[in-house]
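# Structural characterization, general
The primary structure of each chain is shown beneath.
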Amino acid sequence: MENKIDINGHAMPNSTSTDRILSEKGEEKKSFNAKLIAFLKRNLMVILTVSGVLVGVGLGMMVRNMNLTKAQMTYFAFPGEMLLRMLKMIILPLVVCSLVSGAASLDTRSLGKLGGIAVAYFLVTTLIAASIGVALAFIIKPGVGAGGLNSNNLHLEKLSTNKETADSFLDLARNLFPANLVAAAFRSYATDYKMVAVGNDTNGTMLYQKVPVGTEPDGMNILGLVMFAMVFGVALRKLGGEGEELIRFFNAFNEATMVLVSWIMWYVPVGIMFLVGSKIVEMEDVVLLVTSLGKYIFASILGHVIHGGIVLPLIYFAFTRQNPYSFLSGLITPFTTAFATCSSSATLPTMMKCVEENNGVDKRISRFILPIGATVNMDGAAIFQCVAAVFIAQLNNFPLNAGHIFTILVTATASSVGAAGIPAGGIITIAIILEAIGLPTNDLSLMLAVDWIVDRTTTVVNVEGDALGAGILHHINQKEMKKRQQEASMDEEELAEVRVEANTLAEHETSPLVTHHTKALEATPEAIESVL
């Protein structure tokens, strides 16, 4: 009996062609399923992280209507707080070990060259960012017509910032060279002031003088640790064989830290969900803030979009001639972490992992440049600081001339180096800019009121600048290595040619008389008989 097979409701005789059609369909279905599963596996972390943000927004809106007490809000924010604590816990070993191993694994010549390119990249991009911020503030004019707006209207707390500009930059230099390396892991240096009696005037009134006094507030001195780790890594490289054991120790420590990071990353979606949700619950009168400071928020976020979406990708493309958006697509998890945590330093562990695994950046490059970038490269901060400075000037009807604008640009670029990679770290830096151009710092509390909104896009742009910088340096390093390999192969070819020529000459090098006699014998066979 002939076998039949049912296709589209019709009984057909079984044949090799129908078998092939069915098997191809089955294979296509299997291959599609396999591709889908592979895609989900590859992007599982990204999907979970983005879902965490979306669920967090929904959860926050729901819980917001429950009118929680302050204590209940703290409990609700606890899972998010745990994520921040875990990420901060890993920063110290990650920064120190990665920089020591990175600086030690690169030879001194390429280290100096890469370091120079990195510093130039950071300075140029920060200066461009500051220029965008100033330009947008003059175009949008967020402070014009808002003269009646002050912190009392919005019931904001006063922010005390009485620091001199000179002392801010001196503190930056002091933090570069910490007096106590162990203390630098949990304390930094900051100048405070006290009034000291210096005598009496002619009327007998006591005269006082403001004297700067050194204090050590809580907070990791990352700048000092970065400086020490880099120099220590170079010193280990100089030791040669004697330093190999210690370099291996730091490499192993670094790899173990990255394993810890991979474990922490699985908790990131949960932590982000509660971080975002708790921030929405804590908001008081967000409508009033946004309507009052809407132009300032819009100018800052627009600056971040222009710099992060157009300027930085163009710089990356100019150097590498590769698609910057495909590079950035592998970094969605760290960008989401940056958006939720508002901390460049806290995003560093996930950024390192994704840059190396998703974008194939050399470990030596990423572990050398990313910790430095997280400390000194603050493009997003420079934008909102410049917008804030012009906003406060417009608020106080303070006319800005070319000298003031130049001062804002230079001060924002220089002071962003010392800005802490923590939430609201850039607010204090605005005080330095305001002091430099002679503006009051009373209105800084306005910036602090909406900082939680602006700081999210600020941090994303900060970490994007670091990542693209690592990609550019990786590309330059690859080109340099290829160039060296080509030069080495050319040298080998030239050497081989010289050897061949030398051998040929050695074969033909004999006495002229013998050569002449041999040629004569070859020319006339009869001569052989005569000689014999």
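Computed from a predicted model, the values in this text were never measured in an experiment. (Residues numbered from 1 in each chain as written. Predicted model: local features only at pLDDT ≥ 70, side-chain atom pairs only at ≥ 80, totals over all residues. Heavy atoms only, no water.)

## Here we look at a negative patch on the surface
We count it as follows: Each patch is built from residues that are more than 30% exposed by relative accessible area and take part in no salt bridge. Like charges join if they lie within 9 Å; nonpolar side chains (Val, Leu, Ile, Met, Phe, Trp, Tyr) join within 5 Å. Reported accessibility uses the Shrake-Rupley method at a 1.4 Å probe radius. Residues are deemed covered only where the shown protein chains occlude them. Salt bridges, as used here, are contacts in which a Lys or Arg side-chain nitrogen is within 4 Å of a carboxyl oxygen on Asp or Glu. Asp and Glu are treated as the negative residues and Lys and Arg as the positive ones, with His and the ends of the chain left uncounted. To locate a charge, take NZ of a lysine, CZ of an arginine, CG of an aspartate or CD of a glutamate. A run of H or I in DSSP counts as a helix once it spans at least four residues, and a run of E counts as a strand once it spans at least two, with each numbered from the N terminus.
The grouping of Glu487, Asp491, Glu492, Glu493, Glu494 and Glu497 at the surface amounts to a negative patch. Mapped onto the fold, glutamate 497 is located in helix α19 (residues 444–508).

## Some words on the side chain of serine 101
Quick note on the threshold: The cut-offs for exposure are 20% and 50% of the maximum accessible area for each residue type, with area from a 1.4 Å probe on protein chains only; residues under the lower value are buried, those over the upper are exposed, and the others partly exposed. The criterion used for residue contact is that any of the two residues' heavy atoms lie within 4.5 Å.
Relative to the helices and strands, serine 101 is located in helix α4 (residues 78–105). Residue classification places serine 101 among the buried positions, given a relative accessible area of 5%. The contact partners of serine 101, leaving out residues within four places of it in the chain, are Phe250, Asn251 and Asn254.

## Some thoughts on the environment of valine 50
The topology assignment puts valine 50 in helix α2 (residues 44–64). Judged by its relative accessible area of 34%, valine 50 falls in the partly exposed class. Valine 50 sits 223 residues away from methionine 273 along the chain, and the two C-alpha atoms are 9.2 Å apart. When sequence neighbours within four positions are dropped, the list of residues in contact with valine 50 reads Ile332 and Thr336.

## Topic: helix α11 (residues 294–320)
Because the α-helix completes a turn every 3.6 residues, residues three or four places apart line up on one side. This is how the line gets drawn: Take the number of residues in a helix, subtract one, and multiply by 1.5 Å to get its expected span. For a residue, the bend is simply the angle between two axes, fitted respectively to the seven-residue segment ending there and the seven-residue segment starting there.
Taking 1.5 Å as the rise per residue, α11 with 27 residues should run 39 Å; its terminal C-alpha atoms sit 38 Å apart, in good agreement. The largest bend along α11 measures about 35° and falls at histidine 307. Following α11 by one or two positions, arginine 321 adopts a phi angle in the positive range, close to 60°.

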